[in-house]
Amino acid sequence: MKLSAATAAVASANPSRVLHALVKTDQATAGDSFRSIYSACDMCFNKCGLIARVQDGVVKKLDPNPFSLKSRGMLCARGNAGVRQLYDPDRLKYPLLRKGDRGQGKWQRLTWDQALDLCAEQMERIGREYTRCGFLFMAGTDMQSTFVHRLAAVYGSYNVISHESNCLLSRNRAFLDTYGVVPTADVLNCKYIIMPGANRFEALVTPDSMDLMTAMQNGCKLVVLDPRYTKTAAHAHEWYAIKPGTDMAFFLALAHVLITEDLYDKEFVAAKTNGIEQLTAHVQPYTPDWAARETDLPARDIRRIARELAAAAPRAMVYPGRRSSDYKDSTQIRRSYAIVNALLGNWDREGGLIVPKKIKTGSIPFEEPWFDENPEDRVDAGRAQMMFDEEGSFKHTRDAVIEGEPYPIKGWLTYKTNPMQTGANRNKTMQMINKLDFMVSVDITMSDTAWMADLVLPAPSYLERQDPISAFLASSACSGVITRDPIVPAMFESRPVFWIAKELAKRLDLMEHFDFTIEEFREAQLKDLPEVAEALDKEGVYNIVGPSYGLHEGKRFRTRSGKIELHNARYEDHGVDPMPVYTPPQAIPENQFRIVVGRNAFITQSASTNNSLLWELEQENTLWIHPEAARRLNIAHGEKVKVASRAGSGILKAEVTEKTRPDTVYMDTVFGVISKGLSKIFGQGACIADVLEDEADAVSGNMAMHETMVTVSKAA
Ligand SMILES: Nc1nc2c(c(=O)[nH]1)N[C@H]1C(S)=C(S)[C@@H](COP(=O)(O)OP(=O)(O)OC[C@H]3O[C@@H](n4cnc5c(=O)[nH]c(N)nc54)[C@H](O)[C@@H]3O)O[C@H]1N2
Ligand SMILES: Nc1nc2c(c(=O)[nH]1)N[C@H]1C(S)=C(S)[C@@H](COP(=O)(O)OP(=O)(O)OC[C@H]3O[C@@H](n4cnc5c(=O)[nH]c(N)nc54)[C@H](O)[C@@H]3O)O[C@H]1N2
Ligand code: SF4
Ligand SMILES: [Mo]
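Notes on the structure in this doc start here. (Residues numbered from 1 in each chain as written. Chains lettered and ligands numbered in written order. Predicted model: local features only at pLDDT ≥ 70, side-chain atom pairs only at ≥ 80, totals over all residues. Heavy atoms only, no water.)

What to know about the sheet that holds strand β2 (residues 49-55)
A sheet is described by the order of its strands in space; here three strands give the open sequence β1-β2-β3, paired in antiparallel fashion. Two strands in the sheet have a free side with no partner beyond their single neighbour: β1 (34-40) and β3 (58-64). The mean angle between the axes of side-by-side strands here comes to 30°, regardless of whether they run parallel or antiparallel. Bridge count for β2 against β3 is six bridges, and the pairing is antiparallel. Across the sheet, residue Ile-51 finds its bridge partner in β3, namely Asp-63. (Pairing = 2+ DSSP bridges. Helix = DSSP H or I, 4+ residues; strand = E, 2+ residues; numbered from the N terminus. Axes fitted to C-alpha atoms, helices over the stretch in contact; angles between N-to-C directions.)

Observations regarding the sheet that holds strand β10 (residues 221-225)
Ordered by their spatial adjacency, four strands build an open sheet running β11-β10-β9-β13, and the pairing between neighbours is parallel. Edge positions in the open sheet fall to β11 (238-240) and β13 (316-318), since each of these has one partner strand only. Strand-to-strand twist of the sheet, defined as the mean angle between neighbouring strand axes without regard to direction, takes the value 10°. One ladder, built from three bridges, connects strand β9 (residues 192-196) with β13; its direction is parallel. When the bridges of β13 are listed, Ile-193 appears paired with Met-317.

Structural notes on helix α10 (residues 247-260)
The terminal C-alpha atoms of α10 lie 20 Å apart, and with 14 residues this matches the ideal 20 Å at 1.5 Å per residue to within 8%. Along α10, 13 of the 14 residues are buried, which leaves the element largely enclosed by surrounding structure. One or two residues past the end of α10 sits Asp-262, with phi positive at roughly 60°. (Expected span 1.5 Å × (residues − 1). Buried < 20%, exposed > 50% of the residue type's maximum accessible area, 1.4 Å probe, protein only.)

Some words on the pattern of salt bridges
This structure, assessed with the given rule, holds 55 salt bridges. The salt bridge partner of Asp-694 is Lys-428, with a shortest N-O separation of 2.9 Å. In this pair, Asp-694 sits in the loop between α26 (688-691) and β27 (695-696) while Lys-428 sits in helix α18 (residues 426-434), placing the two residues 266 residues apart along the sequence. Residue class for Asp-694 comes out buried when judged on its relative accessible area of 9%. Among the ionic pairs, Lys-527 bridges to Asp-528, the shortest N-O distance being 3.7 Å. Salt bridges sharing partners connect three or more residues here, namely Asp-42, Asp-142, Lys-416, Arg-465, Asp-467 and Arg-484. (Salt bridge = Lys/Arg side-chain N within 4 Å of Asp/Glu carboxyl O.)

Overview of the site of ligand 1
Taken together, the neighbourhood of ligand 1 is formed by 33 residues, with Asp-226, Asp-247, Arg-323, Ile-603 and Gln-605 sitting nearest. Within the side chain of Arg-78, one N or O atom sits 3.3 Å away from a nitrogen atom of ligand 1. Between Tyr-327 and ligand 1, the recorded distance is 2.7 Å, taken from a side-chain N or O atom to an oxygen atom. Its residues assigned to classes, the shell around ligand 1 shows 15 nonpolar, nine polar and nine charged. (Near = heavy atom within 4 Å. Polar contact = N/O pair within 3.5 Å; in protein donor to acceptor, adjacent residues only side chain to side chain. Nonpolar A, V, L, I, M, F, W, Y, C, P; charged D, E, K, R; others polar.)

Structural notes on a negative patch on the surface
Together, Glu-376, Asp-377, Asp-389 and Glu-390 make up a region of like negative charge exposed at the surface. Structurally, the position occupied by Glu-390 is in the loop between β14 (353-354) and α16 (394-403). For Glu-390, a relative accessible area of 55% corresponds to the exposed category. (Patch = residues over 30% accessible without salt bridge, like charges linked within 9 Å, V, L, I, M, F, W, Y side chains within 5 Å. Areas by Shrake-Rupley, 256 points an atom, 1.4 Å probe, with all protein chains shown as cover. Lys, Arg positive; Asp, Glu negative; His and termini not counted. Charge placed at Lys NZ, Arg CZ, Asp CG, Glu CD.)

Section: the site of ligand 3
Surrounding ligand 3, one finds Cys-41, Met-43, Cys-44, Asn-46, Lys-47, Cys-48, Leu-75, Cys-76, Arg-78 and Gly-79. Tallied by class, the residues present in the shell around ligand 3 amount to six nonpolar, two polar and two charged.

Brief notes about unusual backbone geometry
Following Thr-206, the chain continues to Pro-207 via a peptide bond in cis, the omega torsion being 5°. Within the element layout of this structure, Pro-207 appears in the loop between β9 and α8 (208-217). Here the amide bond leading from Ala-313 into Pro-314 is cis, since omega sits at 5°, within 30 degrees of zero. If you trace the backbone, Pro-314 turns up in the loop between α14 (299-312) and β13. Positioned with a positive phi, Asp-56 is a non-glycine residue whose angle comes to about 50°. Mapped onto the elements of the fold, Asp-56 is located in the loop between β2 and β3. Judged by relative accessible area, which is 58%, Asp-56 ranks as exposed. The phi dihedral of Asn-591 is positive, around 65°, even though this residue is not glycine. By relative accessible area, which is 44% here, Asn-591 ends up partly exposed.

Comments concerning α18
What α18 keeps buried is the set Arg-426, Lys-428, Thr-429, Met-432 and Ile-433. The arc that holds every buried residue of α18, seen down its axis, measures 155°, which confines them to one face. (Arc of directions from axis to C-beta.)

A word on the pairing of strand β17 (residues 455-458)
Residue alternation in β17 divides its side chains into two sets, Leu-455 and Leu-457 and Val-456 and Pro-458, and both sets are buried. Across two bridges, the pairing between strand β4 (residues 96-99) and β17 is antiparallel. Within β17, the position partnered with Leu-97 by the bridge is Leu-455. For strand β16 (residues 438-443) and β17, the ladder comprises four bridges, and the chain directions are parallel. By the bridge assignment, Ser-441 is partnered in β17 with Val-456.

Here you go:
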């Protein structure tokens, strides 16, 4: 805090000199064995800039890198706790082979040669017996995931999944199909933000989380829609505990008011959008009074908010949000956000939706070999109306593997992803795994997914790795480039996935595609970018400065009509409604609840509850239940309850709280682990993936995790 205050106070006088002095202060006083080394945090996907303070080869502390405009001198609680991820006694130390039944936890230590030979043999055999597409690759978000994708491509499988179909694909689908590109939000310069189903003060996204604070200090109004009273709701000017699954009704009603009261940006809409006539007719029935009945928001507030938004436009927005793995019609829900934004005319304007510049890095190209015997398409093809080919769908792939249709999948490699906790319906993930001949998992700890694998390979943490260069997009003139060099050497026998992929390629006769070092890869990436290389060296980050709005002026939108698609004719070709049509969410049966997913500021998805520093903040999860509901069920605060759905059940303590609607319950992720390798949290709380049913967004195939109804009862 002191550092950032001092930084802010003096940076304007002579930014560079002052910051360099701050970065180096400790080094001057601490002696020769002390080093300050730049890196990028990896406790979540934000890649905040950091400086590691190292004494005698030991990482003592992680500080924010004040040069990083994206993270603005911030390193959150999880970022600070990264030291304990590095020195976690639960780290995987050497390759392990399963002995005994799956999930029994009996392992045999292997040498790397034994482990890689076995893995390559299985890949070769499965490729031969089931075609190359019989092997599935799944990599989480990481700067080295590109090498897993490369291995899959040269091996010859197009069955590759990223984490995105459990995260934000339907949001991307909706905005891409409206604007031809997925924009970011210029939160910093905005004056009126509606934030539906996003939680920027707990689910941190840099710079948006910090920019929202600054914008609010500068007078920006924040309206939050969330069935839960989150920290973001607590700081908002207005919070509405909207009925889950009804946001589209609210936004269609906003569009109704903006159009019928002539409040929308007519000049902008005439020049840049397609389909205002159709939209005008379409939203006629969607009145605020109608929406009030659907959403539980008062009609007069819906009208007032529409008028206030219009008055603040174009510095007014519906925040596009992040995770959209929630409903079966999430693409259409997010389309309704995109359409209201278009009516406000905030596109490419200060305080609106923007598309910042991104640095184009080079690469070492490769050619994908052709395998005649491979099937026509991905295994999940055709299971959603408009799936992204490169991302696929975890939900649909898992179904396909269980069914063995349209063809069998028998091998699975997971890297830095933990679907046993993050894929809804854990029973189905187990069924999927039981269909496989061979599963290999690359992780830093014995995650629940690694626990189920045949072969577990230990990876170094982000503080021990050399990564490629990564160009990232962020809003408000702070996109940039960052990289990682090892702060300390890789511990134990851990090896980066680049090395693993290369060793497998060697054994599979594919070495021509991996004949380079990471240094050479980085050189290729930065070949035409000497200024980036220099900035990374001097300041640990390259920031793109200058305004990030007004960049699209005069350009054609990359959509069929060349304009913003209020009405999307391409959707009709795919059997998708060209404008969002509201269907009420399934009714909650009597004495049941809807369960929703969310985050707090000190847990990252499935990856940080066992961290000894963060564990001090939360040692088990609880079930949030409203006092009215608890009274009806005779459940006391702190009492153990059973939460059960058609998918499965869990037992955990009740947290009786007004922070959730009477018809909605909630629990944090990553407890109720099955892995005994996670020693701090094993045996604590319950696993929400056990309870969540696995519906999918019809258009994108994104997992839909908020469609589950549960019963809650006293645990026997
Ligand atoms: N601390 C922390 N920060 C993170 C992450 C993390 O794990 N931990 N993960 C990062 C990642 S990968 C992502 S994708 C982002 C996620 O960022 P967000 O999408 O902002 O985060 P979630 O917590 O998933 O927010 C969803 C919110 O929607 C609410 N909700 C549920 N149903 C409805 C509904 O029908 N309508 C409305 N209006 N609201 C609803 C939930 O109660 C929840 O509070 O966060 C990123 N930042
Ligand atoms: N129940 C539930 N499900 C969810 C969500 C939720 O909040 N709750 N959120 C959804 C969202 S938005 C997302 S983005 C996805 C994310 O889901 P995943 O892609 O599964 O990502 P994480 O949960 O972060 O899991 C990361 C895994 O990588 C390991 N790991 C961490 N660092 C390293 C490393 O440096 N190297 C290697 N090899 N492994 C490492 C961790 O131990 C962990 O097992 O989950 C989705 N599913
Ligand atoms: S938000 Fe926190 S955990 Fe995520 S990268 Fe930034 S500092 Fe690390
Ligand atoms: Mo995510």
